[in-house]
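Breakdown of the fold
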Amino acid sequence: MATATGTGLLRQAILERGRVEGTLLKVDDFLNHRVDPRLIAAVGDDLAALFAARNPAVVLTAEASGIAPALACALSLAIPMVFAKKYLGPGGRDVLAREVFSPTRGMEYRVEVARRALTAGETVLIVDDFLAGGRTAEALGEIAEEAGCPVAGFGFAVEKTFQEGRERLAAHGWRVEALARVTSLEDGRVTLASP
């Protein structure tokens, strides 16, 4: 198992291996494309510890980059994980779905969860790799609530504090936690909030 906290390992990886490309922080070398298993296990443990007292019954995320931290968190909590599928165009039937606009990609897509994947009354913890604008996370929270599932909260590996994601989610009354909070991406440098 991990010997350092997920938060500490993640902050170190961001500062040493993260790349700034314009307004984007690229963490695909260790978090959401090429995944560092030691780091992701520790991140999952830290996210699980933040929400264990809320007794979530299932972890919900969106494909694809949220799967690694969500699975690690679900494993730490010993509960199932569900991932919403992303589609362009018309969606499936017998699903809970929302349309989401992605400013990063400049297009709209659907996030869908099969109705049978979420059981009314089960508390849902939503986990993702990044919180920026919060549109996908908000859609997942709305899907959980439409399914009759209380939302335990939202856990993110990384948050861009200078975007409106936290405020978007907090407006619903949802708890929001992030392990690493990025306060600036100026001049190609990453600045993190104090732990």
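An account of the accompanying structure is given in this report.

What counts, and where the lines are drawn
- Residues numbered from 1 in each chain as written.
- Predicted model: local features only at pLDDT ≥ 70, side-chain atom pairs only at ≥ 80, totals over all residues.
- Heavy atoms only, no water.
- Buried < 20%, exposed > 50% of the residue type's maximum accessible area, 1.4 Å probe, protein only.
- Helix = DSSP H or I, 4+ residues; strand = E, 2+ residues; numbered from the N terminus.
- Contact = heavy atoms within 4.5 Å.
- Phe/Tyr/Trp six-rings, centres within 6.5 Å; stacked < 30°, edge-to-face > 60°.
- Lys NZ or Arg CZ within 6 Å of the ring centre and 35° of its normal.
- Pairing = 2+ DSSP bridges.
- Axes fitted to C-alpha atoms, helices over the stretch in contact; angles between N-to-C directions.

Let's shift gears to helix H3 (residues 67-77). For H3, the complete set of buried residues consists of Pro69, Ala70, Ala72, Cys73, Ala74 and Leu77. Of the surrounding elements, those touching the buried residues of H3 are helix H2 (37-51), strand E3 (58-62), strand E4 (81-87) and strand E7 (124-131). Positive backbone phi, approximately 60 degrees, marks Ala78, located one or two places after H3.

A few words on the packing of aromatic side chains. According to the stated counting rule, one finds two aromatic pairs in the structure shown. Ring geometry for Phe154 versus Phe156: centroids 6.3 Å apart, planes at 10 degrees, classification stacked. The pair Phe154 / Phe156 is uniform in exposure class, with both members buried. Seen in terms of ring centroids, Phe154 and Trp174 are 5.0 Å apart; in terms of plane orientation they differ by 45 degrees. Their pairing is tilted. Here Phe154, found in strand E8 (residues 151-160), pairs with Trp174, found in the loop between helix H5 (165-170) and strand E9 (176-184); they are 20 residues apart in sequence, far enough to count as distant. Note on Phe154: relative accessible area 0%, which makes it buried. Judged by its relative accessible area of 7%, Trp174 falls in the buried class. Three or more aromatic residues link up through ring pairs in this structure, and these residues are Phe154, Phe156 and Trp174. Its guanidinium or amino end placed over the ring of Phe51, Arg175 lies 4.4 Å from that ring's centre, counting from NZ or CZ.

This next bit is on the sheet that holds E7. Here we have eight strands laid out as an open sheet, ordered E5-E6-E4-E3-E7-E8-E9-E10, and mixed in their pairing. The two strands at the open ends of the sheet, each matched to only one other strand, are strand E5 (95-102) and strand E10 (191-192). Bridging between E9 and E10 involves two bridges; their strand directions are antiparallel. The residue bridging Val182 from the neighbouring strand is Leu192, located in E10. Across the sheet, H2 lies against E7, E8 and E9, angled at about 140 degrees from E8, the strand it touches most.

Just geometry here; none of it tells us what the structure is for.
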